[in-house]
Amino acid sequence: MSLKWTDSRDIAIELYDAQPELDPTTLRFTDLREWVLALPDFDDDPAHCSERVLEAIQMHWIEEAEE
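It should be emphasised that the depicted structure is a prediction, and the values quoted were computed from it without experimental measurement.

A few words on the overall build of the protein. Check the secondary structure of the protein and you find 3 helices and 0 strands. If you list the helices and strands of the protein from N to C, you get α-α-α. Computed over the C-alpha atoms, the radius of gyration of the protein is 11 Å, within 12% of the 11 Å expected from 2.2 N^0.38 for a compact globule of 67 residues. Accessible surface computed for the protein: about 4200 Å², of which carbon and sulfur atoms make up 48%. Each charge sign in the protein was given a centre, from 5 positive and 18 negative side chains, and these centres are 7 Å apart.

Shown next, in the form of structure tokens:
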């Protein structure tokens, strides 16, 4: 499965699985961007990232952490 910036929910699930101890409400977007780029299944242009995309990923990660 190849992840793109538009796959915010799937990215959030991957990040939660990789780092379940992290509180997604406290992360910095610079760190979040780097973690996304480091995901093995991520395959998209780093330049296509925006604050809105990172906010969407963060919100999905918060939802995953609350379940």
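A separate point is the packing of helix 2 (residues 29-38) against helix 3 (residues 51-66). It is at 10 Å that the axes of helix 2 and helix 3 come closest, and there the two elements cross at 80°. On the basis of the axis angle, helix 2 is roughly perpendicular to helix 3. In this structure, helix 2 uses Phe 29, Leu 32, Arg 33, Trp 35 and Val 36 to contact helix 3, whose residues at the interface are Glu 51, Leu 54, Glu 55, Ile 57, Gln 58 and Trp 61. Of the residues contributing to the contact of helix 2 with helix 3, the split by class is 7 nonpolar, 1 polar and 3 charged.

Inspection of the secondary structure puts Cys 49 in the loop between helix 2 and helix 3. With residues near it in sequence (within four places) discarded, Cys 49 still touches Trp 5, Arg 33 and Leu 54.

All right, on to the environment of Leu 54 then. Checked against the element boundaries, Leu 54 lands in helix 3. Exposure remark for Leu 54: the relative accessible area of 6% places this residue in the buried category. Measuring from C-alpha to C-alpha, the distance between Leu 54 and Arg 28 comes to 9.7 Å, with 26 residues separating the pair along the chain. When neighbours within four sequence positions are excluded, Leu 54 is seen to be in contact with Trp 5, Phe 29, Leu 32, Arg 33 and Cys 49.

Note that Glu 64 resides in helix 3. Here Glu 64 is buried and forms no salt bridge, its nearest opposite-charge partner Arg 9 lying at an N-O distance of 4.5 Å. Beyond its immediate chain neighbours, meaning those up to four positions away, Glu 64 contacts Ile 13 and Tyr 16.

A rise of 1.5 Å per residue sets the reference length of helix 3, with its 16 residues, at 22 Å; its end C-alpha atoms lie 22 Å apart and thus fit the reference within 8%. Considered for burial, the residues of helix 3 that qualify are Val 53, Leu 54, Ile 57, Gln 58, His 60, Trp 61, Ile 62 and Glu 64. Tucked into the core, helix 3 has its buried residues touching helix 1 (8-18) and helix 2.

The rules we used
- Residues numbered from 1 in each chain as written.
- Predicted model: local features only at pLDDT ≥ 70, side-chain atom pairs only at ≥ 80, totals over all residues.
- Heavy atoms only, no water.
- Helix = DSSP H or I, 4+ residues; strand = E, 2+ residues; numbered from the N terminus.
- Rg over C-alpha atoms; globule rule 2.2 N^0.38 Å.
- Areas by Shrake-Rupley, 256 points an atom, 1.4 Å probe, with all protein chains shown as cover.
- Lys, Arg positive; Asp, Glu negative; His and termini not counted.
- Charge placed at Lys NZ, Arg CZ, Asp CG, Glu CD.
- Axes fitted to C-alpha atoms, helices over the stretch in contact; angles between N-to-C directions.
- Parallel < 35°, antiparallel > 145°, perpendicular 65-115°, else oblique.
- Contact = heavy atoms within 4.5 Å.
- Nonpolar A, V, L, I, M, F, W, Y, C, P; charged D, E, K, R; others polar.
- Buried < 20%, exposed > 50% of the residue type's maximum accessible area, 1.4 Å probe, protein only.
- Salt bridge = Lys/Arg side-chain N within 4 Å of Asp/Glu carboxyl O.
- Expected span 1.5 Å × (residues − 1).

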